[in-house]
Amino acid sequence: MKKKSDVRKEVLTRLSELSAQVTLKEQKEFDVLAQLSAMPEWQNAKVIGTILPMTKEFDTYKIIKQAEKENKRIVVPKTKPERGMDFVTYKIGDALEKTSFGVKEPVVTDIALKSEIDLLIVPGVGFRSDGYRVGFGGGYYDRFLSDFPNKTCSVVFQEQLAEDWEPGEYDLPVSQLIIDQLSQEA
Ligand SMILES: Nc1nc2c(c(=O)[nH]1)N(C=O)[C@@H](CNc1ccc(C(=O)N[C@@H](CCC(=O)O)C(=O)O)cc1)CN2
Ligand SMILES: Nc1ncnc2c1ncn2[C@@H]1O[C@H](COP(=O)(O)OP(=O)(O)OP(=O)(O)O)[C@@H](O)[C@H]1O
């Protein structure tokens, strides 16, 4: 059994390697996007929660562009003191500011109610196949998910799968993982 901190380190190394393979990473992202946008929960969603990505993360701009094409409202996190987050409307081109952690957040804050977010795409570093996740260690999503009423999923590279660790008392699984189907040799 591994510690969550070791899983985080191990997966971040694999994500660095994947980020260097720009074309492979993009192919994986388009593969996952195709699976995601075929889901009934995506098709029925009016409001979708996602993130603004850092370099090693899944390029969620692909997801945001697809959602805009389908006239869906996109909301992304705006962090607050005490490890809280609001989800605020984001459209491509909106003004952003960088937090001390290095994540971009919208300047303007048009906050969505939790119950308005039909589908929340939860970020993470490592994932067990049953949906338990290791994040960057902020605990933001574990807090947010504790009373989130709607569908959750995560978009995941095969490189992020890590089974050999035990979730902690606050950890909550996402209800569905969407994993790239590209073979490692592709
Ligand atoms: N792209 C993206 N946005 C996201 C997340 C994410 O995983 N990915 N988050 C997913 O949760 C939230 C931000 N996550 C964070 C996780 C950890 C720390 C953190 O450890 N902060 C340190 C200080 C770091 C610094 O300022 O350099 C600390 O608070 O001690 C901050 C934010 C919201 N936005
Ligand atoms: N619902 C909660 N209430 C109080 N503390 C919490 C809650 N959820 C998580 N925490 C605390 O937050 C800290 C970070 O949690 P953890 O290591 O699980 O973060 P993570 O899953 O990697 O990050 P994130 O959820 O932001 O992606 C831990 O100390 C944990 O005890």
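Before reading on, note that the structure itself is shown above.
Here's a quick rundown of the structure. The numbering scheme is per chain: residues are counted from 1 as the chain's sequence reads. Think of it this way: whatever chain is written first is A, whatever ligand is written first is 1, and the rest follow in order. Given that the model is predicted, a residue must reach a pLDDT of at least 70 before its local features are reported, and side-chain atom pairs must reach 80 or more before they are shown or counted; all residues, however, enter totals for whole chains, interfaces and linings. Only hydrogens and water are removed before side-chain values are computed, so all heavy atoms of the structure are retained for them.

**Considering the site of ligand 1**
Selection criterion: Nearness is defined per residue: one heavy atom within 4 Å of the molecule or strand is enough. Here a polar contact means two N or O atoms within 3.5 Å. Within protein one must be a hydrogen donor candidate and the other an acceptor candidate, and residues neighboring in sequence count only if both atoms are side-chain atoms. Working definition of accessibility: Shrake-Rupley area with a 1.4 Å probe, residue cover restricted to the visible protein chains. Only runs of H or I of at least four residues qualify as helices and only runs of E of at least two qualify as strands under DSSP, and these elements are numbered from the N terminus. In the scheme used here, Gly and all other residues not listed as nonpolar or charged are polar, with Ala, Val, Leu, Ile, Met, Phe, Trp, Tyr, Cys and Pro taken as nonpolar and Asp, Glu, Lys and Arg as charged.
The environment of ligand 1 is made up of 16 residues, and the closest members are L52, E57, R83, S100 and F101. Within the backbone of L52, one N or O atom sits 2.8 Å away from a nitrogen atom of ligand 1. Burial of ligand 1 by the surrounding chains reaches 72%, relative to a free accessible area of 690 Å². Looking at the shell around ligand 1, the elements that each hand over two or more residues are β2 (73–80) and α5 (140–145). Along the lines of polarity and charge, the residues of the shell around ligand 1 split into 11 nonpolar, three polar and two charged.

**Overview of the pairing of strand β3 (residues 84–89)**
For the record, the criterion: A simple rule labels every residue: compare its accessible area, found with a 1.4 Å probe on the protein chains alone, to the largest value its type can have, and call it buried under 20%, exposed over 50%, or partly exposed in between. The pairing criterion for strands is at least two bridges between them, as found by DSSP.
Burial analysis of β3 places six of its six residues in the buried class, which makes it a mostly covered element. Where β2 meets β3, six bridges bridge the pair, whose relative direction is antiparallel. Its bridge partner lying in β3, T79 is registered against M85. Where β2 hands over to β3, the hairpin turn is made up of three residues, of which E82 adopts a positive phi near 65°. Note that β3 and strand β6 (residues 111–112) share two bridges and pair antiparallel. Paired with V88 across the bridge in β6 is I111.

**Some remarks on the packing of aromatic side chains**
This is how the line gets drawn: Two rings from Phe, Tyr or Trp (for Trp, the six-membered ring) form a pair when their centres sit within 6.5 Å of each other. Planes less than 30 degrees apart are called stacked, planes more than 60 degrees apart edge-to-face, and all others tilted. Charge over a ring is defined by NZ of Lys or CZ of Arg lying within 6 Å of the ring centre and within 35 degrees of the ring normal.
One pass over the full model with this rule turns up five aromatic pairs. Centroid distance F87 to Y141: 6.2 Å. Interplanar angle 70°. Geometry classified as edge-to-face. Pair noted here: F87 is in strand β3 and Y141 is in helix α5, with a separation of 54 residues, a long-range link. Like F87, the residue Y141 is buried in the burial classification. By way of ring pairs, the aromatic residues F87, Y141, F144 and F148 are connected into one cluster. In this structure, K114 packs its charged tip against the face of F144, placed 4.1 Å from the ring centre. We note R128 situated over the ring of W165; from NZ or CZ to the ring centre the distance is 5.7 Å.

**Description of the site of ligand 2**
Close contacts around ligand 2 come from 15 residues, with K4, R133, G135, Y140 and D142 the closest. Between ligand 2 and K4, the relevant distance is 2.9 Å, taken from an oxygen atom to a side-chain nitrogen or oxygen of the residue. Taking G135, its main chain carries an N or O atom lying 2.8 Å from an oxygen atom of ligand 2. Contact with the protein chains hides 72% of the accessible area of ligand 2, taken as 640 Å² for the molecule alone. At the level of secondary structure, the elements contributing two or more residues to the shell around ligand 2 comprise α1 (4–20), β9 (133–134) and α5. Top contributing element to the shell around ligand 2 by residue count: α5, with four residues. Tallied by class, the residues present in the shell around ligand 2 amount to five nonpolar, four polar and six charged.

All we've got here are geometric facts, nothing functional implied.
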